[in-house]
Amino acid sequence: MAAQSGLSHPALVRGGVSVFPPVPLSAEAAPFTPMEPSGWGPGSQSEAEKLFSNCAIKLRALRADSVQLKEELNLLFDQLLSENYNRTFEPAVNIRPEVRTLALDLYCLVPLTQEHLVIKLCQVVHHLLNQLKVIMYEHTLDVLVNYTAGALKVCSTWTHTDVLLALSTVVYGNGPQCHQHLSDLLGEEGFLLQYSSPSQSNMELRRVALTCMANICLRIPGQPPLDDQYRSVCFQAFLKTLQSTKPPDTDELFYCMVIQAALKGLQCCLSGGKWKFGGGEELGSVLAALKRLMFQGAPGVIVEWPAVLYPAPLPQYESLSAAKTAESPKSLEPPKDVAVKKRKSKGKGKKTKTEESRGDEREEGDAETVPALLKGRAEEKQPASFLYPSWKLNSSDSEFSDLEGNAQSKLRVNHGRVRQGALHCLLVVVKAVEKRTLYGYWSSFIPDSPIGGSPPLTLVTIILKDLSPKVRLCALQVLSAMLDSSRQFLAVAEDTASPRTSYTPFSFTLATAIRELHRTLSLALLAETSPQTLTQVIKCLAYLVANAPYHRLRPGLLTQLWKQIRPYVRHRDVNVRVSVLTLYGALVTTQAPLPEVQLLLQQPDHSSSMGVFTPQDSGLREEDSRRLWLLQLCVTLVTQPREDQSDSEGVGGGAALEPPPVRLEALQVLSHLVRGYFPLTQHYLCEIGQVSARCLGETDTSIQLHGAKLLEEFGSGIIQQYRAENNVPESSRVPISQVVQFWSEVLSGPLNRALQNEQHPTLQASACDTLSSILPQAFAQLPDKTQLMCITVLLGLTYIENYLVKTAAVRALGIYVLFPCLREDVMFVADTANTILAALDDRSTNVRAKAAWSLGNLTDTLIVNIVGVDFQEELSDMLLLKMLQAATRAAADKDRVKSNAVRALGNLLHFLRQSQMTRPAFQQPLEDAVRALVKTVQSEATMKVRWNACYALGNAFRNPALPLGKSAWSHEAFSALCHVVTSCKNFKVRIKSAAALAVPAHRGCYGDTERFTRVWCSLATALENSEDTNDFLEYRYSASLRHTLSQALLHLLSVSQSQDMLGLGTSLASEEGTGIREHLMKYLRAEEGGGEEAEKDIRGESLHPRERIGSVEQILIRIKGLKVEGEEERGKEMVSHFLEDLIKICEETWENTQTNREVTESKADHV
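Just so you know, the residues in each chain are numbered from 1, in the order the chain's sequence is written. pLDDT decides what is reported in this predicted model: residues at 70 or higher carry local features, side-chain atom pairs at 80 or more are listed and counted, and totals for whole chains, interfaces and linings draw on all residues regardless. Think of the side-chain values as coming from all heavy atoms in the structure, minus any hydrogens and water.

Caption draft 1: Structural context of the overall build of the protein chain. For the protein chain, the helix and strand inventory stands at 56 helices and six strands. Think of it in three bands: with a 1.4 Å probe and only protein chains considered, a residue is buried below 20% of the maximum accessible area for its type, exposed above 50%, and partly exposed in between. The buried share among the 1167 residues of the protein chain stands at 51%. Counting only contacts in the protein chain whose residues sit at least 6 apart along the sequence, the fraction spanning at least 24 positions is 74%. For the accessible areas, the method is Shrake-Rupley and the probe is 1.4 Å, while residue cover comes only from the protein chains on display. When the accessible surface of the protein chain is split by element, carbon and sulfur atoms take 53% of a total near 55100 Å². Strands are runs of DSSP state E lasting at least two residues, helices are runs of H or I lasting at least four, and both sets are numbered from the N terminus onward. Only heavy atoms matter for contacts: two residues are in contact if any of them lie within 4.5 Å across the pair.

Caption draft 2: Structural view of the packing of helix 52 (residues 1038-1055) against helix 55 (residues 1105-1120). Axis definition: a line fitted to C-alpha atoms, limited for helices to the stretch in contact. Angles are taken between N-to-C directions and run from 0 to 180 degrees. Direction vectors running N to C along helix 52 and helix 55 enclose 30°, while the axes themselves pass 9 Å from each other. The orientation of helix 52 with respect to helix 55, classified from their angle, is roughly parallel. Like other packed secondary-structure pairs, helix 52 and helix 55 cross with a definite hand, here left-handed. Packed against helix 52, whose contacting residues are His1043, Leu1050, Leu1053, Ser1054 and Val1055, the element helix 55 presents Arg1108, Val1112, Ile1115, Arg1118 and Ile1119 at the interface. The scheme is simple: roughly parallel for angles under 35 degrees, roughly antiparallel for over 145, roughly perpendicular for 65 to 115, oblique for anything else. Crossings are sorted by hand: turned counterclockwise from the far helix by less than a right angle, the near helix makes the crossing left-handed, and turned clockwise it makes it right-handed.

Caption draft 3: Inspection of helix 53 (residues 1061-1069) at higher detail. All of the buried residues in helix 53 are Met1061, Leu1064, Gly1065, Ser1067 and Leu1068. Each buried residue of helix 53 sits inside an arc of 165° when the element is viewed along its axis, so together they form one side. What the arc covers is the set of directions going from the helix axis to the C-beta atoms.

Caption draft 4: Representation of unusual backbone geometry in the model. Cis geometry marks the peptide bond from Ala592 to Pro593; its omega dihedral reads -5°. Looking at the element boundaries, Pro593 is found in the loop between helix 26 (574-589) and helix 27 (595-601). Within the chain, Ser485 stands out as a residue other than glycine whose phi angle is a positive 60°. Structurally, Ser485 can be placed in the loop between helix 21 (469-483) and helix 22 (487-490). For Gln591, which is not a glycine, the phi torsion comes out positive at approximately 45°. Looking at Gln591, the relative accessible area reads 25%, which means it is partly exposed.

Caption draft 5: Local environment of the environment of Ile1119. Assignment of secondary structure puts Ile1119 in helix 55. In this structure, the C-alpha to C-alpha distance between Ile1119 and Val1135, residues 16 residues apart in sequence, is 8.2 Å.

Caption draft 6: Spotlight on the packing of aromatic side chains. Pairing of aromatic rings covers Phe, Tyr and Trp, the last through its six-membered ring, and needs centres within 6.5 Å; plane angles under 30 degrees mean stacked, over 60 mean edge-to-face, and all others mean tilted. Enumeration according to the criterion identifies 21 aromatic pairs in this entry. Look at Trp275 and Phe277: their rings are 5.7 Å apart centre to centre, the planes differ by 80°, and that puts the pair in the edge-to-face class. Given a relative accessible area of 8%, Phe277 falls into the buried group. One aromatic cluster is present, built from ring pairs that chain together Tyr439, Trp442, Phe489 and Phe506. Charge-over-ring contacts are defined here by two conditions on Lys NZ or Arg CZ: a distance within 6 Å of the ring centre and an angle within 35 degrees of the ring normal. In this structure, Lys291 packs its charged tip against the face of Phe445, placed 5.8 Å from the ring centre. If you follow Arg1108 out to its NZ or CZ, it ends over the ring of Tyr1083, 4.4 Å from the centre.

Caption draft 7: Summary view of the state of the cysteines. Put simply, a disulfide is two cysteine sulfurs that come within 2.5 Å. Summed over the entire model, instances satisfying the criterion amount to zero disulfides. The thiol of Cys122 is unpaired, and the distance to the nearest cysteine sulfur, on Cys155, comes to 7.9 Å. Here Cys978 is not disulfide-linked; the sulfur of Cys1017 is the nearest cysteine sulfur, at 9.3 Å. Its relative accessible area of 3% is what places Cys978 among the buried residues.

Caption draft 8: Seen up close, the side chain of Glu713. Structurally, Glu713 can be placed in helix 33 (residues 701-722). Using a relative accessible area of 9% as the deciding quantity, one classes Glu713 as buried. Once residues within four sequence positions are removed from consideration, Glu713 is found in contact with Ser671, Val674 and Arg675.

Caption draft 9: Region of interest: the confidence of the model for the protein chain. Per-residue confidence from the predictor is reported as pLDDT, a score between 0 and 100. With 80% of its residues at a pLDDT of 70 or more, the protein chain shows a mean pLDDT of 81. The model gives residues 1091-1101 a pLDDT under 50, and that stretch makes 23 contacts with residues more than four places away or in other chains.

Encoded structure:
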């Protein structure tokens, strides 16, 4: 960059002479030679390397018995300290090994008795290791730590500051490797604990000791963490420092530096892991200390801080301390002359401060006039002194003298660093502590009410009033982290109803907190001038919008926010524009479709210049309601050149588009908009198709990916419209003709190129997902060559080695095989089956899982085609056998694969014909398949897998050709289902097992009397225990379970034969029969709904209570017609008597219900 602009880098010029000799520009000039890693040219060295090498040679030549050793060491140390090794573009890589070797040699030359040389040596070690970022090997590390630890024991105390400084550089990130020396440093009598103690009067020594402990705790990625024992010791030391007050005779600046070191150490202790430092008392102490330091040096903040914060649903308000007001330092007093200044122009003013503090001072000195809107709101809601951002106010220039002003500036900068460090620490704590634990402390950091006298000191106070943009940025990051993933906690919030006067419900308190966050962040949005901080304000609002339950809050919050962020879409800073689009994405994603957002989307373009728009203003004109401003904005950002380009953006040709981050975020907003509000976006079918086609035609892979994703979302929206269960009227759907035209244009455009782009597998996978989102009815009307192209491409992509492409292609084929126009095509089904079978043997679990899912879909297609004799005959028996064997193997795979493999097994066992099952080649695979299902039902797999296995067994039982009553494996199948229906903790698994037991249509399928009786007893026991659960989530399925069990018991009675009467009669005449009668009466009277998890009946039909009673009457008639002898006759009488009583009671109840209903209706007619 410097070479291009004609500037010289300071490292490249010495004494005004360029290190590059002038070269004439001609064809005969020598070609350019790239720079070697070791220097600026082939075989050259930088001056820093030369100086170091010369010093190293001289140092190695020294002898310990030399007379002038001390003087020579001093001179060479001074030379090494005088060089700045950071001035080059890259640290001198070649001298790093020499530094390690030299350090070992130096420690042999400098005895611990020469304290001045020890100090110089420690300074050299700190200087070299710190600037060159030297990686320490174990031997070198051990020698250096040994030497510095020995110096702490032998040398005088006045040398310990420099010794600890060198030690802190040596142990940086190497704490776990120093385990041999940790007891000397961090033990009960360890040097670091002594020097870091609050009783240590030397502030510089205390600061360096804390820095050393922080570097020991620092964890480098990939390295093991420090032992928990020593981490806890350091944690307690840091916490004690943060809790301690400033000693009476200590300079405030030095005290701030000590606190900064402790904050850095605490951050290193907590980074990269979960909270491991005790219970609520320790966490409350840390939070209390950090909250106090968040306001260190803030003007006018003089309060009594609690030592511990306790979790509470109500906020803890700090009380003002009158006693400490007089003792407060002058720096904490609010400015006497409050004046609003305009920001100074760049280039004016003398830079008299240090280089390190210059940036902070410039940031803290920025001030602008407050917008009129902010002033008005401040006067309405709160006293002006509170809502008026303090960082927009500066004291008068004549308030301090030059010396006093410089001291005050340094102190103000260090106070800002303390606040910044405390917020960084708090951010780490928020990430380390469990969300559920942290919710109890929300009231200490997030305001819940704008009403009252003195407002509470929270994160919002810093965001609105702190002088430093960096501190405000940190506070916003902490607030964003607290709001992130808080949806479950905030879901309780509600303020749609008026609160009770006797007490304030917690739901209303949370709702008030959400409203207060909206209000205060809106103020920060209006007042903020720093682009980085403004970006974080908008991101914080996005986190709030993504997690707040707006469907439970009074409308209006999103309307105000929508209007407020709209001007920032054209902000000059790219990051601000990206964050605004992120916020718009959150707005159209949260609880979509949200009525308030739906009205905002239909708001006319000119509404920003009108009054406040509320959700009640629904009288929009038809032409305006079809114009989506946000959609048009995103399309413009993606496709149109920028309106306000800078000079650099317009150089070199035509108008420049928006930067890639803005375009990508705009495409994401379009995808969210299509997914959440498809009825509004469907009118822009052509525009969205054109945008996607343009994106797919670009060279940027990220843009292409988002274009394909947008197409997929739009295709999925059309599919949802045409699903029968969604009940979308025909007039509200996208017409089929338009859908066909849309996909014809897409498939003839750049999507086809994306499918064949082997250089970008992720793009190929996304294009496959796009192909799978074609509406089946539209696919049938596409030209034959287009259909063939889609199928051929997908079949070919399943042989790509990349697992992402293979997974997406197999999934798309699993969707295509369900299309009505393809599922009867035997050739396509066979090709798809062979492709899926090959994918089931892939080494990638993702590919196998998706292949199992596609195999389940393919076997669903077989069940649909089971009525077609031609289809069954044309499908190869060998292919069916391969699918059966592959599904059996997949049932022993991981749960992700197994859940769909068992589904496929159930379908295949249902589909097989008698002629196939009698063939020897099928008999063993058939037995293995059933045993695989039985094993899965009895396994400890996830409940979804066991649920699918029970369903698969029931599906298999529907095949009348399956030899259930004769085969040995059928006994295992019924035993597994009987065990699960009585003992499984998951009620949904019990429901499916009970439904499976009720599937066999004939008595012979249940086997002998013993097996039939066992099935009956299992169902009766399950019905009796249908309410026994300690899990409330399972209890909600108990009614569905009883519904299914009652159906299953009645089904067994309907197929029972004479040999079963004794067992059935004994059961129904016992105490068990009393419980069965009660549950069957509830079922017949339809007192308990079956729910979505219950089976309607064994034929899948929903019966009226009268029809249910009629079915029981049919069972009674059939049982009475059975011919029985001996004890079976007595059992038959008991069963008949049970059914007669059941029918009689239900009939009487039914008649009474009808009579009461008629009386009620007649009274209503009379009235």
